[in-house]
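Residues per chain, in single letters:
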Amino acid sequence: MISGSAKRRHVLLTVIAYLALSAVGATMILPLAWMISTSLKAPAYAVEFPPRWIPSEPVTTTIAGRECRVADLVGGTFLSRGPARVAILRYSPDGVHVRVLSPEARVARPPAATAVAPGDLAAGEELTVPETDLTAIRRTKLHWDNYLDAWRAQGVRVRDAFFGLAHRVDGFLVFYLNSIIVTICITIGTVFTSSLAAFAFSRLRFPGRDSIFLGYLATLMVPAIVMMLPVYALLANLRMTNTYAALILPPMFSAYGTFLLRQFFMTIPQELEDAAVIDGASPFAVYRHIILPLSKPALATLTTFVFLHSWNDFLWPLMVVDRLALKTLPIGLAHFQDSYTTEYHLLMAASVIVMVPVLIVFIIGQRYFVRGIALSGTKG
Amino acid sequence: MAHPDTPALSSSASPPRRRSALLQALPFLLPNLLGFLMFTFLPVLACFALSLTDYRLAPITSLRDLTRQMEFVGLDNFVRLLGWHREDGLLLANDPEFWRYLGNTLFLMLGIPLSIAGSLLLALLLNQRLRGITIFRTIYFLPTVCSAVAVVIVWKWIFHSQPNEVGLLNSVLMGLGIPNPPDWLGSMAWAKPAFIIMTLWATVGGYNCVLYLAGLQGIPQELYEAADLDGAGPWARLRHITWPMLSPTTFFVVTMSIIAGLQGSFLFTAAFLMTGGGPAGATTTLMLYIYNYAISWHQLGYAAAVAVVLFLLVFTFTLINWRYGQRLVHYR
């Protein structure tokens, strides 16, 4: 009997735990799902009340008892040819905004819509119909072309190196290439130089070693903006803003990477190294053939951290770059938002475009990522 | 070869050996050290120096331009920033905006305890031996890896509130029977709560949750078994085993969250893209204030002074936390 009730209690607790986990999970997913949902909607149906999760469009609709066809949307404009009669412009809490398209549309003026005497509507006239007067038959439709529109919406003028001719290049292509160049350079540079320095700090003896390392440690607590201001001033005076060097070099040398790797290198047993030194290995050989192969998890962790951080970095690129041709994805997206403030379908498509590579890297590297956080936490 | 834990060479070592040890280390050290000095260490000192000047950024063509643009003003910036004066018998701050934005920064940090408590709860849930936990952990971590700019743009759309266009959140609220939901980002009263809600969403399942989960997994199982033998209930186990055993993690998490909260890089992105710091400065944080002075108004001297104050704040908070928080930590 006792084991039976304990078992029942265990099952109940498990169910409650799953419900709680799923509720939180749903909260985390919903904004992202809403982003994807909006990115696949036609402009006219991006803002709807009540909101619709699966993008769909009305095919036919009944306004005040009379049925009429709804115009198709192609590339953001209404196709008014054929049997189309009305276009649904916007759903809002005070009703549905409708435009009459073809002159032969004999749509009865709904009594609730206006104080003007009822009668037939002229083409081009717009009116607001109460939600209850309009019963539409809807069809699911996903506008994948939004992604293409967002990708192409901004153009960057780039002069080619051979003929000096100006070309228009799609904005997001430029932002993508910039982000890839900047992120790869920062990641390789950070992992390479800080692994070398961490080797010196953990495995070599030289005068001043500990005081230099203390200097590294001291900067860990300083807010990044403190370093950014003088470096920005220097770059501005050297006329080096709006260069790749300005985007890549300053973020490459934070103390964090050296600190993380040094902590890990310290844990590698000395005996392995001693054996190699007796065999006549140089310090570089020890670094290359003993320390690096044994530190793969720590290197992978640092790589994932640096990659994600520099891919998403906003403030530094914002400070040193204002030319469109040099913008990375985050500041490119911010710029996009300035020009397309209200076009939510395009904004959301652009946001998805920016987020996809990060999500892929995270899902591949999440093991290292989670381990890395735990590592940094226990050491601190 | 030396053991890594031995201190640096003592002065008794002969000079040639010291020199050769240094020569051996330099190729490893220099690539990183030069960059570190140039872009991290010296800029910290330079920022302190800048904060004592009235430096304004303008094109410089000669050394004379530089001296003309930059004048040593001593502590003037700090007097302007932190001082006050008497006017019609009232004490007024010299820079009321600074105090207001400092207040905003601290107000927005009120979300931190909520976020930490939420992270602990989630970690406790995730620590149950259930199937599919990795999937949940990955989902909770998603907001942390997503580009802050994209996250902010989606939330702007969720908070959206216009008379004839309603965002997701207000649609839900209206569906629940609330007739006039707030104009989140447009109202003085609701802009900060909106920021806190968004930050909670972005941080609750992130770093802190993973740290707590690692902490939980490090608690020896024997402690719980012993407690079971003594007949301890779930609450007693949580109160007397889990919580004290997690106190080093809590200490770390609180320290890092306060440092991150004062710097507020996510909130900077949010304020920059969602509200521009408005309405009427309600969401301007110290970071945005520094950015505006440095980049928009080209007053780098004053911006550096605000940055130094921000650094001192971080430093003080960390010191207090170390001094008093350590006492609450239970070490094994």
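A.B. asks: Would you mind showing me how to read the overall build of chain B here?
C.D. replies: Across its full length, chain B carries 15 helices and four strands. Against the compact-globule benchmark of 20 Å for 332 residues, chain B has a radius of gyration of 26 Å, which places it well outside the compact range. Judged by the C-alpha coordinates and their principal axes, chain B covers about 75 × 75 × 45 Å. Each of the 332 residues in chain B was classed as buried or not, and the buried ones make up 38%.

A.B. asks: Can you walk me through the overall build of chain A in this structure?
C.D. replies: Of the regular secondary structure elements, chain A holds 14 helices and 10 strands. Residues counted as buried form 43% of the 380 residues belonging to chain A.

A.B. asks: Honestly, the sheet that holds strand β6 (residues 95-100) of chain A in this entry has me stumped. Any pointers?
C.D. replies: Strands pair in a sheet through their backbones, by hydrogen bonds, and they do so in one of two ways: parallel or antiparallel. All names here are of chain A. A sheet is described by the order of its strands in space; here three strands give the open sequence β5-β6-β7, paired in antiparallel fashion. Each edge of the open sheet is held by one strand with a lone partner, namely β5 (86-92) and β7 (126-129). For this sheet, the mean inter-axis angle between neighbouring strands, taken without regard to orientation, is 25°. Relative to β6, β5 is paired through six bridges, and the arrangement is antiparallel. Its bridge partner being in β6, A87 is matched across the sheet by R99.

A.B. asks: What should I look at first to understand helix α4 (residues 96-108) of chain B in this one?
C.D. replies: Each full turn of the α-helix corresponds to 3.6 residues, which orients residues three or four apart in the same direction. Spanning 13 residues, α4(B) covers 18 Å between terminal C-alpha atoms, matching the ideal 18 Å at 1.5 Å per step. At its buried positions, α4(B) is contacted by α5 (111-126), α9 (191-203), α12 (234-263), α13 (265-275) and α14 (286-296) of chain B.

A.B. asks: Can you help me understand the confidence of the model for chain B in this one?
C.D. replies: For any part of a model where pLDDT is low, the fine detail of the predicted coordinates should not be relied upon. Residue and element names in this part refer to chain B. Averaged over all residues, the pLDDT of chain B equals 86, while 91% of them reach at least 70. By mean pLDDT, the top-scoring element of chain B is α9 (94), and the lowest-scoring one is helix α2 (residues 63-69) (63). Here residues 1-12 is modelled with pLDDT under 50, and outside its nearest four sequence neighbours on either side it reaches 19 contacts, counting other chains as well. Both scores are given for the predicted complex: the pTM is 0.84, the ipTM 0.87.

A.B. asks: Any chance you could explain the interface of chain A and chain B here in plain terms?
C.D. replies: One frequently used descriptor of interface size is the decrease in accessible area upon assembly of the parts. Of the residues lining the interface, 90 residues belong to chain A; the matching set on chain B comes to 85 residues. If you tally residues by element for the side of chain A that touches chain B, the top one is helix α1 (residues 2-39) of chain A, at 15 residues. Here the residues of the side of chain A that touches chain B are counted per class, giving 62 nonpolar, 21 polar and seven charged.

A.B. asks: Could you clarify how one ought to interpret the nonpolar core in this entry?
C.D. replies: For soluble globular proteins, nonpolar side chains are generally found buried alongside one another. In terms of nonpolar packing, the biggest core is built from 182 residues, with A:L229, B:I290, B:A303, B:V306 and B:A307 touching the most fellow members. Broken down by element, this core gets its largest block of residues, 14 residues, from helix α14 (residues 344-379) of chain A. Excluding anything up to four places from it in sequence, B:A303 contacts A:L229, B:I290, B:Y293 and B:A294.

A.B. asks: For this particular structure, what's the right way to read the packing of helix α13 (residues 329-339) of chain A against helix α7 (residues 148-159) of chain B?
C.D. replies: For any two helices packed against each other, the geometry comes down to the angle between their axes and how far apart the axes lie. Running from amino to carboxyl end, α13(A) crosses α7(B) at an angle of 25°, the nearest separation of the two axes being 9 Å. One way to sum up the angle between α13(A) and α7(B) is to call them roughly parallel. Along its contact with α13(A), which presents A:P330, A:L333, A:A334 and A:Q337, the element α7(B) presents B:V149, B:A150 and B:I153. Here the contact of α13(A) with α7(B) is built from residues that sort into six nonpolar, one polar and no charged.

A.B. asks: I'm lost on the packing of helix α4 (residues 171-203) of chain A against helix α11 (residues 296-312) of chain A in this one. Help?
C.D. replies: Residues and elements named next belong to chain A. Between α4 and α11, whose axes approach to 9 Å, the crossing angle comes to 145°. Remark: the crossing between α4 and α11 carries right-handed chirality. From α4, S179, V182, T183, I186, T187, T190, V191 and S195 reach across to α11, where they touch L299, L302, T303, V306, F307, S310 and W311. Here the contact of α4 with α11 is built from residues that sort into eight nonpolar, seven polar and no charged.

A.B. asks: Help me out: how do you make sense of the environment of B:N104 in this one?
C.D. replies: Residues and elements named next belong to chain B. Position of N104 relative to the elements: it lies in helix α4. In sequence terms N104 and I196 are 92 residues apart; their C-alpha atoms lie 11 Å from each other. Excluding anything up to four places from it in sequence, N104 contacts T283, T284 and T285.

A.B. asks: Explanation requested: unusual backbone geometry in the structure shown.
C.D. replies: Residues and elements named next belong to chain B. At D88, a residue that is not glycine, the phi angle is positive and equals roughly 50°. By secondary structure assignment, the location of D88 is in the loop between β1 (84-87) and β2 (90-93). Residue classification places D88 among the exposed positions, given that 5 C-beta atoms sit within 10 Å. Backbone geometry places H298, a non-glycine residue, at a positive phi of 60°. One can find H298 in the loop between α14 and α15 (300-328).

A.B. asks: Help me understand the pairing of β2(B) in this model?
C.D. replies: The two faces of the sheet receive side chains in turn, since in a regular strand these alternate between them. All names here are of chain B. Two strands pair when backbone bridges link them, and β1 and β2 are joined in this way by four bridges, in the antiparallel orientation. Bridge pairing in β2 links E87 to L90. The hairpin turn running from β1 into β2, its antiparallel successor, is two residues long, and D88 in that turn takes a positive phi close to 50°.

The rules behind each value
Counting from 1, residues in each chain are numbered in the order their sequence is written. Going through the entries in the order they are written, you letter the chains from A and number the ligands from 1. Selection of residues for local features in this predicted model requires a pLDDT of at least 70, selection of side-chain atom pairs for listing and counting requires 80 or more, and totals for whole chains, interfaces and linings are taken over all residues. Each helix is a run of H or I in the DSSP string that is no shorter than four residues. Each strand is a run of E no shorter than two, and both are numbered from the N terminus. Atoms counted for the radius of gyration: C-alpha only. Globule rule: 2.2 Å times the number of residues to the power 0.38. To sort residues by burial, count the other C-beta atoms lying within 10 Å of each one's C-beta; a count of 20 or more means buried, 12 or fewer means exposed, and anything in between means partly exposed. C-beta atoms are built from the backbone. Following DSSP output, two strands are said to pair if at least two bridges run between them. For every element, the axis is a line fit to its C-alpha atoms; helices are fit only across the contacting stretch, and the angle between N-to-C directions ranges from 0 to 180 degrees. What a helix should span is 1.5 Å times the count of its residues minus one. We call two residues in contact when their backbone-placed C-beta atoms lie within 7 Å. One confidence number per residue, pLDDT, is output by the predictor and ranges from 0 to 100. Three categories are distinguished: nonpolar for Ala, Val, Leu, Ile, Met, Phe, Trp, Tyr, Cys and Pro, charged for Asp, Glu, Lys and Arg, and polar for the others, with Gly belonging to the last. For this analysis, nonpolar core means a set of buried Ala, Val, Leu, Ile, Met, Phe, Trp, Tyr and Cys residues linked through C-beta atoms within 7 Å. Here the word oblique covers every angle except those under 35 degrees (roughly parallel), over 145 (roughly antiparallel) and from 65 to 115 (roughly perpendicular). Take the far helix as the reference: if the near one is turned anticlockwise from it by less than a right angle, the crossing is left-handed, and if turned clockwise, right-handed.

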